[in-house]
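Breakdown of the fold
The residues making up each chain are set out below.
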Amino acid sequence: MSAPVQQPPQPADGKRKGKAQYVQAKRARRCDAGGPRQLEPGLQGILITCNMNERKCVEEAYSLLNEYGDDMYGPEKFTDKNQQPSGDEGEDDDVEAALKKEVDDIRAFTEMRLRRFQSVESGANNVVFIRTLGIEPEKLVHHILQDMYKTKKKKTRVILRMLPISGTCKAFIEDMKKYAETFLEPWFKAPNKGTFQIVYKSRNNSHMNREEVIKELAGVVGSLNSENKVDLTNPQYTVVVEIIKAVCCLSVVKDYMLFRKYNLQEVVKSAKDLSQLNPKQAAPVGNGREAKLESGDKSSQSDPAEGKCNQEEVPGNSEEVKQTKPMSETQVVNEGGSKPELGSQVPKEPKSNENDLA
């Protein structure tokens, strides 16, 4: 029999493509619209946490942000893909001015092609980052939470927390300190002042120390104005620090405690719900105390019962008690040495002997 014919390997330019080529093509299509596809320094946006369903979270985020974004900034404007950046037909004598103008036109055209809200890879599980363009994230998120707090109307099912991110930098203590000195000026630099607290959260990062970061940022806030004071109960401003891998996300928000730490599920709950939840939370404590009291009462009540049971058991063993009682008396007699009881007991034995003889 003839040996099986071995097929030669297909060339790289053949019809079949490798997995790497498909991945590169997919990335090229994603990046065709422009803009970064993952969280990196220099971005603004909204950090959203969810519970095990990131795709549904992105859909709810787009719906909610577009609703309130159109309300605050008007409907989003789109341009045709075939539209090209406009330029003057006249010739410019200055080459540098012409080159600068061309760069500005290309940048403006790229920004027109970008969407107002665009999801990027955050680098952590159950975390979605929505990049924003042309809006102020802290004002938009505050507007959303304020409306939901007033209306008590639940609009999301998967989204848990929604935190605005006004700036990002590299997650190194020196870079964070340098960036915070200019980033925190609009809120804390004299003559501006206020009470503040710092909220820190780190994901997929092991080289940052929580206490060190909070200490450095608090020192920056104090250096901007000595009248800035720390208030952990009801602060005027809350400095949010979210670290994901090698990127640090910063923002300064208001009404952090009033809006339930910017939790969309908790902010819609009414005062009645909270009042109903508090007794439930306090119920185990009360029941525990009552249970302890009842157990104490039962134990105190069970003592007479046990006494009764013991008393009921005593008649059953009365014969044994009667039999053991003379022995105890004899022991007491031997200890005390009382002669009358000995005399009363001594004659009984001869009688028993006489009866036995009879």
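Residues numbered from 1 in each chain as written. Predicted model: local features only at pLDDT ≥ 70, side-chain atom pairs only at ≥ 80, totals over all residues. Heavy atoms only, no water.

If you look the protein up in an unreviewed UniProt entry, it shows as THUMP domain-containing protein 1 from Trichechus manatus latirostris.

Let us look at the layout of surface pockets. Estimated volume of the second largest pocket: approximately 370 Å³. What lines the second largest pocket is a set of 14 residues, and nearest its centre among them are Glu 54, Val 58, Ser 119, Val 120 and Glu 121. Those elements that provide at least two residues to the lining of the second largest pocket are helix 2 (54-73), strand 2 (117-120) and strand 3 (127-132). The greatest single-element share of the lining of the second largest pocket, amounting to 3 residues, is contributed by helix 2. In terms of residue class, the lining of the second largest pocket is built from 5 nonpolar, 4 polar and 5 charged. (1 Å grid on protein atoms, 1.4 Å probe; cavity = no way out; pocket = protein on both sides within 12 Å on 5 of 7 lines; lining within 4 Å. Points joined across faces, edges and corners; volume = space filled by probe spheres on them. Helix = DSSP H or I, 4+ residues; strand = E, 2+ residues; numbered from the N terminus. Nonpolar A, V, L, I, M, F, W, Y, C, P; charged D, E, K, R; others polar.)

This next bit is on the confidence of the model for the protein. One rule of thumb: low pLDDT means the predicted coordinates there are not for detailed reading. In the predicted model, the protein carries a mean pLDDT of 75, and the fraction of residues at 70 or more is 59%. Confidence drops under a pLDDT of 50 for residues 28-33, and excluding neighbours within four residues, the segment shows 6 contacts in the predicted structure. (pLDDT = per-residue confidence, 0-100. Contact = heavy atoms within 4.5 Å.)

For the rest of this paragraph, the subject is the pattern of salt bridges. For the structure shown, the criterion picks out 9 salt bridges. Between Lys 155 and Asp 147 there is a salt bridge whose closest N-O contact spans 3.8 Å. What makes Lys 155 partly exposed here is its relative accessible area of 29%. According to the relative accessible area criterion, Asp 147 is partly exposed, its value standing at 25%. Bridged by salt links that share partners, the residues Glu 67, Asp 147 and Lys 155 form one connected network. (Salt bridge = Lys/Arg side-chain N within 4 Å of Asp/Glu carboxyl O. Buried < 20%, exposed > 50% of the residue type's maximum accessible area, 1.4 Å probe, protein only.)

Moving on, we come to the packing of helix 2 against helix 4 (residues 137-151). At their nearest, the axes of helix 2 and helix 4 sit 10 Å apart, and the two run at 100 degrees to each other. Considering their axes alone, helix 2 and helix 4 lie roughly perpendicular with respect to each other. Facing helix 2, whose interface residues are Leu 64, Leu 65, Tyr 68, Gly 69, Asp 71 and Met 72, helix 4 presents Lys 139, Leu 140, His 143, Ile 144, Asp 147 and Met 148. (Axes fitted to C-alpha atoms, helices over the stretch in contact; angles between N-to-C directions. Parallel < 35°, antiparallel > 145°, perpendicular 65-115°, else oblique.)

Okay, the packing of aromatic side chains next. For the coordinates displayed, the defined rule picks out 7 aromatic pairs. Taking the centre distance of 5.6 Å and the plane angle of 20 degrees together, the rings of Tyr 179 and Phe 183 count as stacked. Of this pair, Tyr 179 and Phe 183 are both found in helix 5 (residues 173-183), 4 residues apart, which corresponds to roughly one turn of the helix. Taking the relative accessible area as the measure of exposure, Tyr 179 reaches 26% and is therefore partly exposed. Judged by its relative accessible area of 11%, Phe 183 is buried. Looking at Lys 152, its charged tip hangs above the ring of Tyr 149, at a distance of 4.2 Å from the centre. (Phe/Tyr/Trp six-rings, centres within 6.5 Å; stacked < 30°, edge-to-face > 60°. Lys NZ or Arg CZ within 6 Å of the ring centre and 35° of its normal.)

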